[in-house]
Each structure stands twice: as C-alpha cells, then as structure tokens.
Amino acid sequence: MELAIVGLGRMGLNMCKRLLRDSHTIHAFARSTSSIAEAVAAGAVGVSRLEDLAKLPTPRIVWVMVPAGKATTEVIEQLAGLLARGDIIIDGGNSYYKDSIERYKSLQARGIHFLDAGTSGGIWGLQVGYCLMVGGDKEVFTRVEPIFRSLAPKDGYALVSGPGAGHFTKMVHNGIEYGMMQSYAEGFEILRASGQQLDLRQVSHLWNQGSVVRSWLLELAELAFAKDPDLAAIQGFVQDSGEGRWTILAAMEHDVPAPVITMSLLTRFRSRQQDSFTAKVIAALRAQFGGHAVKTVGKT
C-alpha cells in the first residue's frame, strides 16, 4: 500500500523501515531532517512539508506517530485541513482514548476516517513486530489491514472494538506493565539485599526457563544486568508518560479496585524525590510521640 508516516522518532522510523521491507510505498515526514534522510536511505520518499501530503494518491492514508497530547492534536488538525472525504488518518501514538473518540467524531463530520491504533513493541518492533490494538470502523480497518499485517507478528494485530477502543486497550496494557515492572524491581532488590551474592543476570535467565514468572521483561532484565550487574550507571529516577495515570482514572470511573497499578505509579513519583518531605514528617512524628531516633542531615 501507499501511505505517509508523520513522525520518525524511535518507533516511527522503525515502523517506516518495517513497512518498506514489505514493499509498501512510504512518504516520510518529520521535523528532523536527519530522520527524513535515514528514512529515504531505507527506501522511503522524503517529505519536507506536511502540506505536500495532499499530493498523495487518493484515498490518502496517513499514519501519525508523534507524542500524545498537543503534538498529536496539532498534526491531526493540520491534516484535517489538507485531506479530503474518504481519506484515512491512523493515530499510532499513546493518545488518551477520550481524545481519540472526539477526534473520530470531528473527522467523521468532515468525511475523513480515523483509526486509533495502540502500538506496543518499543525499539524492538523493527525486529520482532508490533502488537497493534485498533479501534474504529471495521470497513476502514479492513481497507488498511495490509499495513497492520506487515507491522505485526503473527496474530499480533486486531480490531478490538469501536472508536477509542484501541487506545483504551493500550492504556490498560501500559497500566499492567507498570505493575509488572514494579513487582520485578522489588523482587530483584530483595535478592540483591539478601547478602547471598546472587548473579541477577543468571536469575533473570533462570526464571525464564519454564517458571510461572517468565516473560519478555525478564529477558530485558537479563540484558540490563549483563551490561551493568549493579545498574551503577543508572539513576533511580522513573518517569511516566501518562498511561498509568489514565488507567487509574478509568479504574475509578468504573469502580474497579486497582491497588497494584496505583502503587506502582506512586512509587515512580517517589523515585523523583531525592529527599522525601513525607518521609521527614513521618520521622519527625515518630520522634515526637515515641522518642524514636532520627537520622540528621550530614550523618548516617
């Protein structure tokens, strides 16, 4: 198929390359000229202005792969002014599902089709494929299915439901990911603190051989520990990109208890504090009511 990809970051560029391997014609646009040049070197047609996408043969298909929020809104609004009835926009970023529902309605009023494609696979997608959770109209999904088939491994894509459902499913997927990573991280810290002189790379590999906790995340842990056994080069600062927060909001809206995902998100917030004021207050209160010792600044 012939389509444009807008956004050539860590995932967008690799998706471009994977589609080119399957002989799709790709028109590649990004703000970074070096990213466009790399896409062109892989076989894509470089696009220097978003306006030039209007020259694509109809019906035009544009895959948007830019950061969620303002960037996605701006790009889709621009595209809506350039495209025509029957054209298709696919948002493969981590957009908030309620935003995707509104975008579907707004574009539908203009006669432009919209699919929200939750995309998982990270920087490994070029090699192993992407898991694609798609929301939207079945007829539109079927028309562009060859794109999903090229990007995904076997059984790695599906139309999960209507508008917004793709990004909703990906949001919950990422919430689960938060909890899984937190559990692994706590377990490895317990192992490290035990004094048993354990090789965490070896344990990661061992657990992936038939144990009930085997997973791709453990494979990645093995790679990380092989490179840096004590993770000495990494600061314990954990950012979040929004999906965990949205998952918790959805859980509250639907009266679903989600303590593991919630605590994994709050732990990320704690990682960003070099010295927690909350912990200081607790230490001060323990000293006040029970005379418990406190550690003062500058002493261990």
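These numbers were taken from a predicted model, which means no experiment stands behind them.

Rules and cut-offs
Residues numbered from 1 in each chain as written. Predicted model: local features only at pLDDT ≥ 70, side-chain atom pairs only at ≥ 80, totals over all residues. Heavy atoms only, no water. Helix = DSSP H or I, 4+ residues; strand = E, 2+ residues; numbered from the N terminus. Expected span 1.5 Å × (residues − 1). Buried < 20%, exposed > 50% of the residue type's maximum accessible area, 1.4 Å probe, protein only. Arc of directions from axis to C-beta. Contact = heavy atoms within 4.5 Å. Polar contact = N/O pair within 3.5 Å; in protein donor to acceptor, adjacent residues only side chain to side chain. Axes fitted to C-alpha atoms, helices over the stretch in contact; angles between N-to-C directions. Parallel < 35°, antiparallel > 145°, perpendicular 65-115°, else oblique. Nonpolar A, V, L, I, M, F, W, Y, C, P; charged D, E, K, R; others polar.

A. Quick peek at helix H10 (residues 216-227). Helix length check: H10, at 12 residues, gives a terminal C-alpha distance of 17 Å against a target of 16 Å (1.5 Å per residue), a fit within 8%. Among the residues of H10, those classed as buried are Leu218, Ala221, Glu222 and Phe225. Down the axis of H10, the buried set is contained in an arc of 105°. They therefore lie on one face. Contacts from the buried residues of H10 go to helix H8 (165-193) and helix H9 (200-207). Between the side-chain oxygen at the start of H10 and the backbone nitrogen of leucine 217 there is a gap of 3.2 Å, and the oxygen is on serine 215.

B. View of the packing of H8 against helix H11 (residues 243-253). For the pair H8 and H11, the least separation of the axes is 8 Å and the interaxial angle reads 105°. What the angle tells us is that H8 and H11 run roughly perpendicular. Between H8 and H11, the contacting residues are Phe168, Met171, Val172, Asn174, Gly175 and Tyr178 on the first element and Glu243, Gly244, Trp246, Thr247 and Ala250 on the second. Across the contact of H8 with H11, the residue classes break down as six nonpolar, four polar and one charged.

C. Focus on helix H2 (residues 33-41). Ser35, Ile36 and Ala39 are the residues of H2 that are buried. Projected down its long axis, H2 carries its buried residues within an arc of 100°, all on one side. In H2, those exposed residues whose orientation departs by more than 90 degrees from the buried face are Thr33, Ser34 and Ala41. The inward-facing, buried residues of H2 contact helix H1 (12-21), strand S2 (25-29) and strand S3 (45-47).

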